[in-house]
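Structural description and commentary
Here is how the chains run, residue by residue.
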Amino acid sequence: MKKGSPLLVIIIAFAAIVAISLLPLSRWTGGVMKDFSLFSDIMKEIDAMEETANPDEEEVDPELLKAMSDDGDNPMTPSTDPLTASDSVLSQPIDTIIHSPRPSRLGDIVAIEDYTDGNTGLARFRHAVTTGAMARIAVVGDSYIEGDIFTQDLREKLQNTYGGSGVGYVSMHTDFPGFRRSVRQGGKGWKTFAANKKCDKRYIDLAEQYAVPTGTATATYHGTQAFAHTSSWERSKFLFVSPENSVINVKTAGGEWEERNIAASDSVQCIEVSAPTTAFEIKTSSTSLVGLGVWLDGTGGVSLDCMSSRGFSGITLTKVSPSLCHQMTPFVDYSLIILEFGINAMTSKQKDYSVYSSRMVGVINHIRLCYPRADILVMGVGDRGEKRGGTVKSMSTASAMISAQRDAARRAHCLFWDTREAMGGEGAVVEWSNAGLVNKDYIHMTHKGGARLAEELFKAIQHNLQ
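Criteria and thresholds
Residues numbered from 1 in each chain as written. Predicted model: local features only at pLDDT ≥ 70, side-chain atom pairs only at ≥ 80, totals over all residues. Heavy atoms only, no water. Helix = DSSP H or I, 4+ residues; strand = E, 2+ residues; numbered from the N terminus. Buried < 20%, exposed > 50% of the residue type's maximum accessible area, 1.4 Å probe, protein only. Pairing = 2+ DSSP bridges. Contact = heavy atoms within 4.5 Å. Axes fitted to C-alpha atoms, helices over the stretch in contact; angles between N-to-C directions. Arc of directions from axis to C-beta. Core = buried A, V, L, I, M, F, W, Y, C linked by side-chain atoms within 4.5 Å.

Below, the discussion takes up the environment of glutamate 244. When you line up the elements, glutamate 244 lands in the loop between strand S8 (233-242) and strand S9 (246-252). What makes glutamate 244 partly exposed here is its relative accessible area of 49%. Each C-alpha atom of the pair glutamate 244 and alanine 264 lies 4.3 Å from the other, and the pair is 20 residues apart in sequence.

Structural data, given as structure tokens:
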């Protein structure tokens, strides 16, 4: 073997790494350095690649765990607000009327179960799409819809039917540019605050996050050809709070930078550019500015906002500021709010989800305070897999979680859709995985799976609107 041979270098390097992995680095350094194990790290990577559900590694939203251990807090008590004090549901104790369960499957359709007073269904959404007004939907959820999976296809089907363009809400910053197919997002210089971390609750809206510039901050948004209505849009909105005087520059595709001098205000303000465009850009050095998000929309039809928060169980939605939402309403209002949660609230060992159900009743009623003119739909958790005896099967506690979510909808008098039943019920996650519709973690859908599920909910919505 010649001196300097690549093979010799590799062998020596490997031997050195093995030797280092055997050293008690943590003990020698008092914990400053962690022990390193080559082989255990390799096995972790293999496990991550296989992504098969391991009950011992299941993670539950820490906010939910805290709530479950907080015996002094009453999860049944919704917030109060003078704007909706006369609401027929909110003016009663939550459990005064509990509607009976409705059948979910009607032939080939898994229908939306209507637990509203008077069986009003999607009345507000129906009114918006039939009158030609903007029918805006917010799908608020966890990593199940991250990257616009499922929501991108539901949006396309609704826009194909009722008109509309653009992707609606997009955050100020993403750590995973390129993951989302429906919009190309970029930029830098923002610090993001989320509802499950230290934050100022005055600035928490449905997206459960906001961002502030750390210096000169930029945010860029470009349309894509991935879907029929995502390459361009007609209205670009940037919503923010500017406690101090600030300067914001905006630009659309092919245009010049426009400087906007913003007067200090504690209320929500909006910069809107009404012109067809394929791109929208923001630049500011005002570090006191609070960026709430960008909305890329058409002039009518349907707009659908995907608001995903990884690891959330939904209970932090009680931190959403009603005052902030009321200030945002003139610029961004909702006809329908869909709550997609549950993954981060369930495990293979937990069979009783009554506390979670009660918490979600409080969440639903709190969302009503924020958006009293919106229909509210709870999506049941999708089918999820677990290993039992070396074989992947549907998680045994999935039905208990779905019952808890349905009970929350019944007690809070809103709508419910059984996602798991729409997937095929018991054993569906294995079939979907084999067909490439679910990833090998047996939880999250692929883009192909999202499109399949979106078709099922679209059929349910159309059935309800008839």
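The strand order across the open sheet formed by six strands is S3-S19-S16-S15-S4-S14, and the pairing between neighbours is mixed. In this open sheet, the two strands that pair with only one neighbour each are strand S3 (113-114) and strand S14 (302-308). Pairing geometry for S3 and strand S19 (residues 415-417), over two bridges, is antiparallel. Residue pairing across strands places aspartate 114 opposite leucine 415, the latter belonging to S19. Most of the contacts of helix H6 (residues 151-162) go to S14, to which it runs at about 170 degrees, and overall it touches strand S4 (135-141) and S14. Its contacts with the sheet put helix H8 (residues 354-370) on strand S15 (336-340) and strand S16 (375-379), and the angle it makes with S16 is roughly 150 degrees.

This part takes up helix H5 (residues 123-131). By the burial criterion, the buried members of H5 are Phe125, Ala128 and Val129. Looking straight down H5, one finds its buried side chains confined to an arc of 90 degrees; they lie on one side. More than 90 degrees from the buried face of H5, the exposed residues found are His127 and Thr130. Residues of H5 that are buried sit in contact with S4, H6, S14, S15, S16 and helix H12 (447-465).

Another aspect to go through is the nonpolar core. Membership of the largest hydrophobic core comes to 103 residues, with the highest contact counts inside it found for Phe125, Phe150, Leu292, Tyr334, Ile337 and Trp417. Contacts of leucine 292, omitting those with residues within four sequence positions, involve Tyr169, Tyr203, Asp205, Gln209, Tyr210, Leu239, Phe240, Val241, Val268, Leu324 and Met328. Counting 22 residues, the second largest nonpolar core, distinct from the first, contains Val167, Trp233, Ile271 and Val273.

Quick look at the pairing of S16 now. Along any regular strand the residues' side chains alternate between the sheet's two faces. Burial of S16 is extensive: five of the five residues sit out of reach of the surface. Side chains Asp375, Leu377 and Met379 project from S16 onto one buried face, and the interleaved Ile376 and Val378 project onto a second face that is buried too. Across five bridges, S15 lies against S16 in parallel orientation. Note that in S16 the partner of isoleucine 338 across the bridge is leucine 377.

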